[in-house]
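Each chain, letter by letter, is given below.
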Amino acid sequence: MKTVGRTKPKGILKWNQASEIRGNVRYVMAATENFCTVATAHSARINEIRMVRNHIAHGNPGTKALYQGVVARRLGAAPRKYPRPGAFVLRQTPAGVLILTEYVVSLSAIVKAMAKA
């Protein structure tokens, strides 16, 4: 995938955004393949998880702004004081499920759906 069909080899294949996923496989499979359509269908969830993960890993002002957007969307409004990422992912959704559990289960389901023929 780094070299097939590319004029210049791609150094690192990133897999944490739907657009990057589609770009990595664009010369290997058609955009209408199940793998690509699932990535597109779940791009919002993949992106949300990426933004939370990046703030946990890097904690800089850029990742903080994106993280705050996720928190505001998930809580329905911007809180006066934003929770730390660890506390945020350990919050329960209205259904009583931890956000972290929701993230893990949804990523598992996305990967399984991508793998189906």
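Everything discussed here concerns the structure shown above.
Residues numbered from 1 in each chain as written. Predicted model: local features only at pLDDT ≥ 70, side-chain atom pairs only at ≥ 80, totals over all residues. Heavy atoms only, no water.

Student: With reference to specific residues and values, describe the pattern of salt bridges.
Tutor: Here the structure, examined in full by the defined rule, presents 3 salt bridges. Between Glu102 and Arg74 there is a salt bridge, with its nearest N and O atoms 3.0 Å apart. Within this pair, whereas Glu102 is found in helix 6 (residues 99-115), its partner Arg74 is found in helix 4 (residues 61-75), the two being separated by 28 residues in sequence. Ionic contacts of the salt-bridge type, sharing partners, join the residues Arg45, Glu48, Arg74 and Glu102 into one network. (Salt bridge = Lys/Arg side-chain N within 4 Å of Asp/Glu carboxyl O. Helix = DSSP H or I, 4+ residues; strand = E, 2+ residues; numbered from the N terminus.)

Student: So what's going on with a nonpolar patch on the surface? Which residues, and what values?
Tutor: A cluster of nonpolar side chains, contributed by Met1, Val4, Trp15, Tyr27 and Val28, occupies part of the molecular surface with about 460 Å² of accessible area. Mapping Val28 onto the fold places it in the loop between helix 1 (18-25) and helix 2 (34-41). (Patch = residues over 30% accessible without salt bridge, like charges linked within 9 Å, V, L, I, M, F, W, Y side chains within 5 Å. Areas by Shrake-Rupley, 256 points an atom, 1.4 Å probe, with all protein chains shown as cover.)

Student: Give a description of the nonpolar core that names residues and reports values.
Tutor: Proteins that are soluble and globular tend to have nonpolar side chains buried together. Residues Ile49, Met51, Val52, Tyr67, Val70, Val71, Phe88, Val89, Ile99 and Tyr103 constitute the largest nonpolar core, which totals 10 residues. Of all the elements in the fold, those that place two or more residues in this core are helix 3 (43-58), helix 4, helix 5 (85-89) and helix 6. Once residues lying within four places of it in the same chain are set aside, the contact partners of Val89 are Val52, Leu98, Ile99, Leu100 and Tyr103. Formed by 6 residues, the second largest nonpolar core is a distinct cluster that contains Ile21, Val38, Ile46 and Ile110. (Core = buried A, V, L, I, M, F, W, Y, C linked by side-chain atoms within 4.5 Å. Buried < 20%, exposed > 50% of the residue type's maximum accessible area, 1.4 Å probe, protein only. Contact = heavy atoms within 4.5 Å.)

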